[in-house]
Amino acid sequence: MSKLTGTFATPFAAKYMTQLCKHWAHKGAAEWTDTAGSVTLPFGHLSFQATEDRLMATVTLAEGSDATTAKEVMDSHLQRFAFREGFEQMQWADTG
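What you see is a predicted model, and the numbers here were worked out from it, not measured in a lab. (Residues numbered from 1 in each chain as written. Predicted model: local features only at pLDDT ≥ 70, side-chain atom pairs only at ≥ 80, totals over all residues. Heavy atoms only, no water.)

Details of helix α1 (residues 13-24)
Taking 1.5 Å of rise per residue, the 12 residues of α1 would be expected to cover 16 Å, and the 17 Å separating its terminal C-alpha atoms lies within 8% of that figure. Residues A13, Y16, M17, L20, C21 and W24 constitute the buried set of α1. For α1, the angular spread of buried residues about the axis comes to 130°, placing them on one side. In this fold, the buried residues of α1 make contact with β1 (3-9), β2 (30-32), β3 (36-41), β4 (44-50), β5 (54-61) and α2 (67-81). (Helix = DSSP H or I, 4+ residues; strand = E, 2+ residues; numbered from the N terminus. Expected span 1.5 Å × (residues − 1). Buried < 20%, exposed > 50% of the residue type's maximum accessible area, 1.4 Å probe, protein only. Arc of directions from axis to C-beta. Contact = heavy atoms within 4.5 Å.)

Quick look at the structure:
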């Protein structure tokens, strides 16, 4: 399985993480606290960590899933939620 890690420097990390988890809860199992969250989507499992100044997402891709699609899904949703910050995309790294 391939893993991706994305980061977004923002003082609203917990807010965006919660929005993402709530938004995707109808698509798969989702849970969250003030600082961590997770959701399972068709393309893989997402784990979130929210700090005072950063949102971090780890995507464990499901077998046969495309990394580009996973990044596009995450980025397009954050573009809608973080539009006031001029968000364009997370800083992505292939971590495994």
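Next comes the rest of the description.
Some details on the packing of α1 against α2
Remark: α1 packs on α2, axes separated minimally by 11 Å, with the N-to-C direction vectors making an angle of 115°. Handedness of the α1/α2 crossing: right-handed. Across the interface between the two elements, Y16, Q19, L20, H23 and W24 from α1 touch V73, M74, H77, L78 and F81 from α2. Residues that form the contact of α1 with α2 fall into these classes: 7 nonpolar, 3 polar and no charged. (Axes fitted to C-alpha atoms, helices over the stretch in contact; angles between N-to-C directions. Left-handed = near helix turned anticlockwise from the far one by under 90°. Nonpolar A, V, L, I, M, F, W, Y, C, P; charged D, E, K, R; others polar.)

Let's talk about the sheet that holds β3
Spatially, β2-β3-β4-β5-β1-β6 is the arrangement adopted by the 6 strands of the open sheet, whose pairing is antiparallel. Two strands bound the open sheet, and with one partner strand each, they are β2 and β6 (91-94). When strand polarity is set aside, the average angle formed by the axes of neighbouring strands in this sheet is 15°. Its contacts with the sheet put α1 on β1, β2, β3, β4 and β5, and the angle it makes with β4 is roughly 155°. Together, β1, β4, β5 and β6 form the strand contacts of α2, whose direction differs from that of β5 by roughly 150°. (Pairing = 2+ DSSP bridges.)

Points about the confidence of the model for the chain
Averaged over all residues, the pLDDT of the chain is 94; the fraction at 70 or higher stands at 99%. Within the chain, the lowest mean pLDDT, 93, falls on β6, and the highest, 97, falls on β5. (pLDDT = per-residue confidence, 0-100.)

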